[in-house]
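Results of the structural survey
Okay, here's what each chain looks like letter by letter:
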Amino acid sequence: MAKKNQPNLSERVSFKRKRGVQLMGLNLNADGAVKGFFGGNAYLAILFLFFICIFLFKSAIGFIPGYRTELSEARISGVEAANHVNYQLTGYDALYTKVNQAFINERRARFGALETVVPIYEELESIIDDQLENEVDEYTELDEGPEKESAAITLKESVRKVCATLPRSKLLEEIQVRLPETEEISEDSYTRALIFAEQYALNEYETPDEVNRIPSMINEQMGSFFKAIDTIKQSDDELRQIYVMIEKQALTTYQTIFNNRTNQESIDVLSKDLESLESESKRAVAIQERIDKLRSKIVEVDTDENIKLVYAEIKKHDEAADKMISEFQAGVDLLAKAEIQTEKSEILIKESSRLFDELKEISSDRKALLTEWNHQKPVTIWDSITAFFFGADWKTGSNRQSLYGLVPLFTGSLLISVVAMFFAVPLAIGAAIYVNQFATKREAGFLKPGIEFIQAIPSVVLGLFGVLVVAGLLQGLSNVGWLSWIPGFPIQDRLNVLLAGLLLAFMACPTIFTLAEDALNNVPKAYTEASLAMGANKLQTALRIVVPASLSGIVAAVMLGFGRVIGETMVVLLVAGNKARIPDLSKGLGVMGESVHTMTGIIAQEYGEVEPGVLHWKALFMVGLVLFLISLCINSVCQRIIAKRSNKN
Amino acid sequence: MKIKTLKTVVTSLFSSLAMISSAAAEKIEIKGSDTLGAKLVPQLKAEYLKTNPSLTIDILAQGSGHAFSNLVAGTANIGMSSRKVKDKELDNFASKGKKLVEHIAAYDMIAVIVNEKNPIKKLSLTQIEGIFTGSITDWSEVGGKAGSISVYTRNTSSGTYKSFSGLAMSKKDYGDKCQKLEGNQPICTEVSKNENGIGYVGLAYADGDNYKTVKVDGVSPKISKISKYPLARKLYYYTVGEPEGEVAKLLTWMTQSEEANEIVAKIGFVPTPVAAAAIKKDAETE
């Protein structure tokens, strides 16, 4: 049987040259076709890559000049000047909120008992909202007269009845959430709150003014602390007024210029469409109508005339900014006199004094910028490039000027990747060394495919798993007392750098593992044998001989893992928290508890709303281009490392 | 002979193609806003299909912006939007010679939600503006328990994002500490799990576990208060040209019929007739 099937030896070895079709000097036969098919596939991939590159560059390239136009419009209209003032005000806000917190904390600690009326009243108010809505509505609809008076009495009674349903102990609990020092609810405060609640019901859901006045009455008793906060509160008034004036003027000009430009662009596009149409067709008429409408919207602006007002305000600016600082300083001096009793307030005041130094710096910087500021100074291409690559704000869909600054996104992506690599590298490389050097065949038989299987999990599944399961676990873990030494713990925002980093580490593991394991495998057997023959044991051989010999491969594996992590979209979109703000590195490692936005996430999140071709759309492509270049760099460096290694071997 | 068979093959092919396309005419595609498309429209669809089983209705809800891009491309019959159409978008329609028609779908109220454990019961519009623009950063500043505020918002492709900035923040920019999430549900989830969280959602999402709505300027987000609630807005359906045939029937049913209005109210939106009546009534009393 076996003999029968055995082909004749001469038949096996002789490859007959198959005859194919001769076409233009090419011999097209079956072999050639197969070869051509494979070759074609390979070239198709390259062609595809080429097209992607062209598409990316083409879509992104218009961004720089486009952004330049918008920046110069912002300058010529004075919006830029308004921004300079606004930076100081934002700095002031950050500072004021700290001092205010300190003040409120202190006030609660000292006069909390007086304040209890307010939360009690609010609790009662919400009970009335929930349970007496119909009665109040009926009462409101009654006409003035004896009927209404008697209804008022019944309503008051029901208010008392309903309020009595809330047990005091529960009320106390609710109050303690806000004012932890409260020990009991005094009869006096309860009665006062109840009277307010009655007024609320009788007065068509209008909170009595007296309630709103309570905090300010208490403030009076806070002495010099209150005087300090009052001084601080008023210190920015003048500057804010200047800001409002500049912005009002500048924004009108800016928006008119902006609208004129976009309308003109629309008209250009529409006119082009119109050219190819017959003049009488329905579509042409519609287009013509739209063009006429757009034309009527274009208004003349005299920027030089409009900017005069801005300059007039800028003249006042320096004085106002100095006033803000000096008055703030006066407030701070008053603070020093005030007796601060609580530790928390002291900490907050200390923090605010650090912020105050920052504000001084911001203010003097911006003052210098504003003195030099000239609306006619041209915006160069270089300005636009720096504004993109070093801009600290990514603010899109704004009613004012949209800002496209890469830094918050780039730092976010980088931070997450670094955290991910911190977890992934030791894990994956350790696993690779173990599987390659120490594991028995059986162990390796399930470890290797097991780890590689992780790669098969779709990233959206992993993302959802992160949001629904891991986020909760991590938050729960962060609240465990003895773990509070870990930076960033306890976590407030469930979606943060640490969570994203952990999930991405999990995703990067198989990539690093597989490549590192390959690299270890490629170490010539002779090395190991020589080492063992010299008397080294297995651990020594693995760590001193095999790993160093494959180091370049391992480095390449780590870099490719990094590339995988920085390009990942779905997971970071779901779990990174999407806060487009430069992470606060002054927190040290605690920064891991913050939410960030990423380069990949921003593209996925924002491309949906933008119309193709507008500046925002191009900006997203610029971000895409940056990502592409990062990946390209990583890959080419890796290829070089690998090529170097194979040369050596 | 051969040519004849070829002819028959071609004609039969064409006729089958024609049949497919006529079957496709019974398909209505609705695309756009997540606020409308996540709960309301799918439920309306289910109800409508009970009486019109031959119809196919496809719904895709990715944000209001998609309504217009799909309508202009002809890949949607009805667009859902939680905001009015923008000028730039109108240009796209004009350049294709298309006319956009607006239909009011329902009224919505944007509810501001906080965690159940948060003692805050009400916020004024100024306080809300402060929180979302980032000048107020701690709950104690608005009368709550001390703790830094985590702000959750929709992302920029959402109509609600824009509406809220117009209604509650006097068109100011969102602060840079806002976390932008992918829809109403993620905001509910994050607020329900974060004691210091605050966010805004459509009224349809206002009831849920572990979070609650707050009164805005003393008015709670209830249907009866629609004329006084400061964060109320209209939701729209858009079509290219006046709707015809099945699309027209569906639209009239969705916006006017009793059954549809019941579903609208059940989900938490305010049906147009109810809202119109409430607004009219308040206008009369004043």
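Counting starts from 1 at the beginning of each chain's written sequence and moves along it residue by residue. Starting at A for chains and at 1 for ligands, labels are handed out in the order in which the entities are written. At least 70 in pLDDT is required for a residue's local features to be given in this predicted model, at least 80 for side-chain atom pairs to be given and counted, and no such filter applies to totals for whole chains, interfaces and linings, which use all residues. Calculated side-chain values reflect all of the structure's heavy atoms, with hydrogen atoms and water omitted.

**Some remarks on the side chain of A:Glu70**
Residues and elements named next belong to chain A. Only DSSP runs of H or I covering at least 4 residues are called helices, and only runs of E covering at least 2 are called strands; the numbering of each starts at the N terminus. Mapped onto the secondary structure, Glu 70 falls in helix α4 (residues 63–77). The buried label goes to any residue with under 20% of its type's maximum accessible area, the exposed label to any with over 50%, and the partly exposed label to all in between, with areas taken from a 1.4 Å probe on protein chains only. Judged by relative accessible area, Glu 70 falls into the buried class, the value being 8%. Discounting chain neighbours no more than four positions away, the residues touching Glu 70 are Tyr 254, Phe 258, Arg 261, Gln 401, Ser 402, Tyr 404 and Leu 615. Throughout, a residue-residue contact means that at least one pair of heavy atoms, one from each residue, lies within 4.5 Å.

**As for unusual backbone geometry**
At A:Asn578, a position not held by glycine, the phi torsion is positive, near 50 degrees. Backbone geometry at B:Ser170 places phi at a positive 35 degrees, although glycine is not the residue there. Its location among the elements puts B:Ser170 in the loop between α7 (159–168) and β7 (179–181).

**Structural notes on helix α10 (residues 187–202) of chain A**
How far a helix is expected to stretch is found by multiplying one less than its residue total by 1.5 Å. With 16 residues, α10(A) should cover 22 Å at 1.5 Å per step; its first-to-last C-alpha distance of 23 Å lies within 8% of that length. Within the sequence span of α10(A), burial applies to A:Ser189, A:Tyr190, A:Ala193, A:Leu194, A:Phe196, A:Ala197, A:Glu198, A:Tyr200 and A:Ala201. Where α10(A) is buried, its residues contact α6 (117–131), α7 (133–141), α8 (146–164), α9 (168–178) and α11 (209–220) of chain A together with β10 (215–216) of chain B. Just downstream of α10(A) lies A:Glu204, where phi reads positive at about 50 degrees.

**What to know about the packing of helix α3 (residues 40–51) of chain B against helix α10 (residues 258–267) of chain B**
Residues and elements named next belong to chain B. Simply put, an axis is a line fit to the C-alpha atoms, just over the touching stretch for a helix, and the angle between two N-to-C directions goes from 0 to 180 degrees. Relative orientation of the contacting elements α3 and α10 amounts to 145 degrees, with a least axis distance of 10 Å. The chirality of how α3 crosses α10 is right-handed. Along its contact with α3, which presents Leu 40, Gln 43, Leu 44 and Glu 47, the element α10 presents Ala 260, Ile 263, Val 264, Lys 266 and Ile 267. The residue makeup of the contact of α3 with α10, split by class, is six nonpolar, one polar and two charged. When the near helix sits turned anticlockwise from the far one by under a right angle, the crossing is termed left-handed; a clockwise turn instead gives a right-handed crossing. Classes in brief: Ala, Val, Leu, Ile, Met, Phe, Trp, Tyr, Cys and Pro nonpolar; Asp, Glu, Lys and Arg charged; the others, Gly included, polar.

**Digging into the domain arrangement of chain B**
Residues and elements named next belong to chain B. Here the domain parsing of chain B yields domain 1 (2–107 + 235–285) and domain 2 (108–225). Between domain 1 and domain 2, roughly 1200 Å² of surface is buried when both sides are summed, and carbon and sulfur atoms account for 51% of that area. Across the salt bridge formed by Arg 154 and Asp 34, the nearest N and O atoms sit 3.5 Å from each other. Two N or O atoms form a polar contact when they lie within 3.5 Å of each other; inside protein one atom must be a possible hydrogen donor and the other a possible acceptor, and for residues adjacent in sequence the pair counts only when both atoms belong to side chains. Inspection of the domain 1/domain 2 interface yields two residue pairs in polar contact (both at pLDDT 80 or more). If you list the elements that add at least two residues to the side of domain 1 that touches domain 2, you get α2 (34–37), α4 (64–73) and β4 (100–115). For the purposes of this description, domain bounds are those given by an automatic or database domain assignment. Summed over both partners, buried area is the accessible surface (1.4 Å probe) that two parts give up on being assembled. A carboxyl oxygen of Asp or Glu within 4 Å of a side-chain nitrogen of Lys or Arg is what we treat as a salt bridge.

**Here we look at a nonpolar patch on the surface**
Nonpolar side chains collect at one region of the surface, where A:Val460, A:Val461, A:Leu464, A:Phe465, A:Leu468, A:Val469 and A:Leu473 lie side by side and expose about 620 Å² of accessible area between them. Of note, A:Val461 is situated in helix α20 (residues 459–478). Exposure above 30% relative accessible area and no salt bridge define the residues that can form patches, which grow by joining like charges within 9 Å and nonpolar side chains of Val, Leu, Ile, Met, Phe, Trp and Tyr within 5 Å. Calculation of accessible area relied on Shrake-Rupley with a 1.4 Å probe; when residues are assessed, cover is drawn exclusively from the protein chains displayed.

**Here we look at the confidence of the model for chain B**
Residues and elements named next belong to chain B. For chain B, the average pLDDT comes to 84, and 90% of its residues sit at 70 or higher. Confidence scores per residue from the predictor, reported as pLDDT, run from 0 to 100. Ranking the helices and strands of chain B by mean pLDDT puts helix α6 (residues 125–133) first, with 93, and helix α1 (residues 2–24) last, with 52. Long-range and interchain partners of residues 17–24, a stretch whose pLDDT sits below 50, account for zero contacts in this model, where long-range means more than four residues apart.

**Quick look at the packing of aromatic side chains**
Residues and elements named next belong to chain A. Between rings of Phe, Tyr and Trp, where Trp is taken as its six-membered ring, a pair exists when centres lie within 6.5 Å; planes separated by under 30 degrees are stacked, by over 60 edge-to-face, and by other angles tilted. Within the structure shown, the criterion is met by 27 aromatic pairs over all chains. Arranged with centres 5.8 Å apart and planes meeting at 45 degrees, the rings of Phe 37 and Phe 38 form a pair that is tilted. Pair check on accessibility: Phe 37 and Phe 38 agree, each one exposed. Relative to Tyr 404, the ring of Tyr 67 lies with its centre 5.5 Å away and its plane at 75 degrees, an arrangement referred to as edge-to-face.

**Some words on the pairing of strand β1 (residues 27–32) of chain B**
Looking along a regular strand, one sees the side chains alternate between the two faces of the sheet. All names here are of chain B. By the convention used here, strands pair only if DSSP detects at least 2 bridges between them. Pairing geometry for β1 and strand β2 (residues 56–61), over six bridges, is parallel. For Glu 29, the partnering residue across the bridge sits in β2 and is Asp 58. Taken together, the three bridges between β1 and strand β3 (residues 78–81) define a ladder with parallel strand orientation. Following the sheet pairing, Lys 31 is matched in β3 by Gly 79.

**Quick word on the interface of chain B and chain A**
Across the boundary between the two partners, chain B contributes 60 residues, which contact 56 residues of chain A. Buried surface at the junction of chain B and chain A, both sides included, amounts to about 5000 Å², of which 41% is carbon and sulfur. Across the chain B-chain A interface, the total number found is seven salt bridges. It is helix α5 (residues 87–95) of chain B that contributes the most residues to the side of chain B that touches chain A, eight residues altogether. For the side of chain B that touches chain A, the class distribution of residues is 11 nonpolar, 22 polar and 27 charged.

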